[in-house]
Amino acid sequence: MENLLSENWEFQPKHATAEALQRWRDRCSVVKNPKRRFRFTANISKRNEASQMRQTNKEKLRIAVLVSKAAMHFVTGVHLTDYSVPKEVEAAGFQICADELASIAEGHDVKKLKTHGGAHGIAAKLATNPSTGLPTGADALNRRQQIYGINKFEEVQSRSFWLFVYEALHDMTLMILAVCAFFSLIVGIATEGWPGGAHDGLGIVASILLVVFVTATSDYRQSLQFKDLDKEKKKISIQVTRNGYRQKLSIYELLPGDIVHLAIGDQVPADGLFLEGFSVLIDESSLTGESEPVIISNENPFLLSGTKVQDGSCKMLVTNVGMRTQWGKLMATLTEGGDDETPLQVKLNGVATVIGKIGLFFAIVTFAVLVQKIFIRKWQDGTTLVWSGDDALELLEYFAVAVTIVVVAVPEGLPLAVTLSLAFAMKKMMNDKALVRHLAACETMGSATSICSDKTGTLTTNHMTVVKSCIGMTVSDVVPGQQQQLPRPALEVLLQSIFNNTAGEVVVNEEGKREILGTPTETAILEFGLSLGGDFHTERNTCKLVKIEPFNSTKKRMGVVLELPDQGGLRAHTKGASEIVLAACDKAINSNGEVVPLDDASRDYLTETIDQFANEALRTLCLAYTDLENGVSADEAIPSSGFTCIGIVGIKDPVRPGVRESVALCRSAGVTVRMVTGDNINTAKAIARECGILTDDGIAIEGPVFREMSLEQLQEVIPKIQVMARSSPLDKHTLVKHLRTTFNEVVAVTGDGTNDAPALHEADIGLAMGIAGTEVAKESADVIILDDNFSTIVTVAKWGRSVYVNIQKFVQFQLTVNIVALVVNFSSACLTGSAPLTAVQLLWVNMIMDTLGALALATEPPNEALMTKTPVGRKGNFISPVMWRNILGQSLYQFFVIWFLQAYGESVFKLDGCSNSGLILNTIIFNTFVFCQLFNEVNSRDMEKINVLEGILGNNVFVTVLGSTVVFQIVIIEYLGTFANTIPLTLVQWFVCVFIGFLSMPIAAGVKKYIPMDS
């Protein structure tokens, strides 16, 4: 079975091609209900539609750019002639309508933009201020919303419960059974009258309705869970200025006229126009498929919704929102494309197809044997050409049994059980601060053998403070509330560097309190500047900002160029990785505040200081400046040498509580944890030892050393690497690629920056940080860690393993029922000429093993024992030897029991001479068979442990399903006999049925104990 599945049903969990998606669908046969089977799979036609839309967008933008370039020659002197403001827009206080704004953005229409007075002219017509943003009065915002719409996309309406009922009715076998029931009713009433002749037909109809409603209820609940998760996925916040205050706002609250602040890694939340900014590069591939980034400036100010900021930062004026943007129209199609199916879904579709074919064969043979019995009897009676109503009913009953064998044999619930388990796990993981973006990740995480984790914010708290500094060659501790005494020239240039060379900002919030915006590193340095008596706004207003080079994880530094006051010339400031910035310095500020040459002794002193700070697990940053004699052009990079070292700061970022225990748990679970960081190697080693990542037999390596290694060296070194410091995104990508391809590991990678996207994309499971992560990183990730905590990653791994094991439990349970039901009905038909289980009874068994079984077993919560086993890895057998042992053990026991009851049941229960002994015996067989399944369901809670009752009361779903099944079984036997072909049983008979079912538990325990298997 495993070889067959590997050959035909192997599937990549990420980046599957449309051909691969179509291939496995084509291999699916014996599908009872395509609507249900393929519900949670990708909609290939909708994806093709979205791809064509991207191509159209690309062509539109290409033409628009060409036209706008041509128009530039004729713009001068153009006046607004043919545009008139609609009355309702003017009445609302605006001077431009939504359609006009949309035509400017979509067509990149520079000519129209100029006629409206450029970006600032549009801002005025939208009644907004580029500095203070929109006024926040409720009436004004509502009026604006009515005219321009809201920033939401049209979504597919959620399905109603009755639609799920309708889809459940599309099951081919249930439809055939319904036809059988219809004919059974007609023939039965015609021969036996009402109501006696209607019982068999009504029994089948009632069973069909019960199956349909239980199935629809389960599927509907599942869809609601996915809907809740989709809402969480779409929660994106953006920095906006409103009423003069900078604030975080949901992208769905944006309106035309809003002033949005974009930084590297952000997703552009709506169509808009560039107001001011530096070095802005936009990745439009999500909208157009074009990989080449677009430069945004005053000459090309058009920013399109859904695109990503690849570099730089800017202020944007929102012009179009929601369905008036190209992204809105594309998203409406993309959401209908659905998630890729998971490898387990595909594999279990394979299992369902293989078993379905076997079941179909058995059903045909069973029907042939039963029909042959009728013909032989009629041949012997000489009535071959004479057919009565009873003969027709008997033939219909046999046909119904054959169809019901197909119902039971085709395990349609297997692929759906994966979705059920994943939906349950995803909902619970959401409560555990992990948002799963792609279904397959939840499943793949259980097989992870290696985790490559960032340091900052994941292993550490990301609450940073400057605790040590070396300014003017003097090391001192930074004590809160105590101001450092520094020479005036050194202090002035230090404050100039801190407050100008930053991506952060100091603002006053609506409560009148001072607030620092920016990354934790920026916040720590700005707090340090404020503690030295500096004033953010005074420093920013003193100098004019000429150029910004944002922080880049490849260069490991950021820089600005300032125009000094009073014709003071240009000055470049830089800050970043201490050893890299220090290497660019040839001068330093001494303890008197004077600039002196940086001799070898001074350089050694500063290098030792960096190492000393790093060994104390502090992040170190070096600040430096240089005066530019020859100026700098817009396209010219900030110099990489000739700087004067201002000083070094040591930033404390404590290790998160519980990380050491989580790393130890990973190690015991066979998962290797590696730290990949851009920090200094000594800082990285100190933190790694504190976390328990770096051991005596592991190695710590720097990115520049790693990337110079040959392939042979990499193969020798990579298994031992536990820490990689000063790594670039390319180093991380290379490490992940080698671990996956050369060492066949299943790799999970964390990332927060824009440059982490390639590694997140390459990894088996990409984990983005919810707090520190950029939108680009989140978009490339499979799971978002909402609290940025390493312990949450371990929780995700635990849930991943739980999903995998739960599906295995369910498959083991369902295959046992499949095998027994098939062989019992087939062998009985061949040997006795009748089937012991009727159509109604088989439908009930099918519901126990399919929908109810999936609910009970696929929703078991994880336990600590899961993290004591080695991971499955890339090539683990899904249907393991342990499962086959349990399946065969239970199947043989159930065969024996049913054969014994059929052969000796009448004498054992003293039924000889009873008028309805056959009906009583068949009821006992049916009851025993059901209780065997119920106790086997309990056995399946653990495939290896003997004590399967541990924690059973903690799973409310399992207990409810088990209890309700028992209640329904009592009702079917005692009160629905005429419909279900049963008869009420005595207490003794009930006891024997339950006892025989219970015996499957000690038998399962014996099989586990005396037939050990390597799991």
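Quantities reported herein were computed from a predicted structural model and do not represent experimental measurements.

**Student:** Describe a negative patch on the surface, listing the residues and the values that go with them.
**Tutor:** Negative charge collects at one region of the surface, where Asp599, Asp600, Asp604 and Glu608 lie side by side. On the secondary structure map, Glu608 appears in helix α23 (residues 600-615). For Glu608, a relative accessible area of 54% translates into the label exposed.

**Student:** Lay out the nonpolar core in plain terms, naming residues and giving numbers.
**Tutor:** Side chains of nonpolar character tend, in soluble globular proteins, to be buried together. If you look at the biggest cluster of nonpolar residues, it comprises 143 residues, and the most contacted ones within it are Leu177, Met445, Ile765, Val783, Phe790 and Val811. The leading source of residues in this core is helix α31 (residues 790-832), at 19 residues. Those residues within four positions of Val811 in sequence are excluded, and the remaining contacts are Leu348, Leu414, Phe878, Ile879 and Met883. In terms of nonpolar packing, the next biggest core, distinct from the first, is built from 27 residues, Val466, Ala490, Ile498 and Leu526 among them.

**Student:** I'd like to hear about the pairing of strand β17 (residues 585-589), residue by residue, with values.
**Tutor:** For β17 and strand β20 (residues 643-652), the ladder comprises 3 bridges, and the chain directions are parallel. Residue pairing in the sheet places Lys587 in a bridge with Thr644 of β20. The hairpin formed by β17 and strand β18 (residues 595-597) contains 5 residues between the paired strands, and Gly593 there has a positive phi angle of roughly 85 degrees.

**Student:** Tell me what's going on with the sheet that holds strand β22 (residues 699-702), and back it up with residues and numbers.
**Tutor:** The strand order β8-β26-β25-β24-β9-β21-β23-β22 describes an open sheet built from 8 strands, whose pairing is mixed. Edge positions in the open sheet fall to β8 (434-436) and β22, since each of these has one partner strand only. Across the sheet, the mean angle separating the axes of adjacent strands is 20 degrees when strand polarity is ignored. Summarising the sheet, strand β9 (residues 450-453) and strand β24 (residues 747-751) pair through 3 bridges and their orientation is parallel. Directly across from Ile451, in β24, lies its bridge partner Ala748. The strands that helix α28 (residues 729-741) touches are β9, β21 (672-676), β23 (721-725) and β24; relative to β24, the one it contacts most, it runs at about 165 degrees.

**Student:** Lay out unusual backbone geometry with the relevant residues and their values.
**Tutor:** For Lys433, which is not glycine, the phi torsion reads 70 degrees and is therefore positive. Mapped onto the elements of the fold, Lys433 is located in the loop between α17 (413-431) and β8. The exposure class assigned to Lys433 is partly exposed, which follows from its relative accessible area of 44%. At Asp788, a residue that is not glycine, the phi angle is positive and equals roughly 55 degrees. Considering the arrangement of structural elements, one finds Asp788 in the loop between β26 (783-785) and α31.

**Student:** Could you give an account of the packing of α31 against helix α33 (residues 881-908), with specific residues and numbers?
**Tutor:** Following both chains from N to C, one finds α31 and α33 inclined at 30 degrees, their axes separated by 9 Å at the closest point. With respect to α33, the element α31 is oriented roughly parallel. Crossing geometry of α31 relative to α33 is assigned as right-handed. Within the contact between the two elements, α31 uses Gln808, Val811, Gln812, Leu815, Thr816, Ile819, Val820, Val823, Val824 and Ser828 and α33 uses Met883, Asn886, Ile887, Gln890, Ser891, Gln894, Phe895, Ile898 and Gln902. When grouped by side-chain class, the residues that make up the contact of α31 with α33 number 10 nonpolar, 9 polar and no charged.

**Student:** Pulling in residues and values, what's your account of the pattern of salt bridges?
**Tutor:** Following the criterion strictly, the structure yields 21 salt bridges and no others. One salt bridge connects Arg726 with Glu579, and the closest N-O pair in it is separated by 2.6 Å. Here the residue Arg726 occupies a position in the loop between β23 and α28, and Glu579 occupies one in helix α22 (residues 578-583), the gap between them amounting to 147 residues. Arg726 sits in the buried class, given a relative accessible area of 8%. Assessed through its relative accessible area of 28%, Glu579 is described here as partly exposed. Measuring nitrogen to oxygen at the nearest pair gives 3.1 Å for the salt bridge that ties Arg740 to Glu762. Highlighted residues: Arg740 in helix α28 and Glu762 in helix α29 (residues 757-762), separated in sequence by 22 residues. Neither residue differs from the other here; Arg740 and Glu762 are each classed as buried. One connected set of salt bridges, linked through shared partners, spans Lys455, Arg619 and Asp679.

Rules of the game
The numbering scheme is per chain: residues are counted from 1 as the chain's sequence reads. Only residues with pLDDT of at least 70 are given local features in this predicted model, and only at 80 or more are side-chain atom pairs given and counted; all residues enter the totals for whole chains, interfaces and linings. To get the side-chain values, take all heavy atoms of the structure and skip hydrogens and water. Here, patches come from residues exposed beyond 30% relative accessible area and free of salt bridges, joined within 9 Å for like charges and within 5 Å for nonpolar side chains (Val, Leu, Ile, Met, Phe, Trp, Tyr). Using the Shrake-Rupley algorithm and a 1.4 Å probe, accessible areas are obtained, with residue cover drawn only from the displayed protein chains. By convention in these notes, a salt bridge is any Lys or Arg side-chain nitrogen within 4 Å of a carboxyl oxygen on Asp or Glu. For the purpose of charge, His is not counted, nor are the chain termini; Lys and Arg are scored as positive and Asp and Glu as negative. Throughout, a charge is located at the NZ atom of Lys, the CZ atom of Arg, the CG atom of Asp or the CD atom of Glu. Helical segments are the DSSP runs of H or I of at least four residues, strand segments are the runs of E of at least two, and each set is numbered from the N terminus. Using a 1.4 Å probe on the protein chains alone, a residue whose accessible area is under 20% of its type maximum counts as buried, one over 50% counts as exposed, and one in between counts as partly exposed. Only buried residues count toward a nonpolar core, which is a set of Ala, Val, Leu, Ile, Met, Phe, Trp, Tyr and Cys residues joined through side-chain atoms within 4.5 Å. Throughout, a residue-residue contact means that at least one pair of heavy atoms, one from each residue, lies within 4.5 Å. One bridge is not enough; two strands pair if DSSP finds at least two bridges between them. Helix axes are fitted only over the stretch in contact, all axes being lines through C-alpha atoms; the angle between N-to-C directions runs from 0 to 180 degrees. Any angle that falls under 35 degrees is termed roughly parallel, while one over 145 is termed roughly antiparallel, one within 65 to 115 roughly perpendicular, and all others oblique. Handedness of a helix crossing follows the sense of rotation of the near helix relative to the far helix, less than a right angle counterclockwise being left-handed and clockwise being right-handed. Just so you know the grouping, Ala, Val, Leu, Ile, Met, Phe, Trp, Tyr, Cys and Pro go in nonpolar, Asp, Glu, Lys and Arg go in charged, and all remaining residues, Gly too, go in polar.

Any link to function would need more than the numbers given here.
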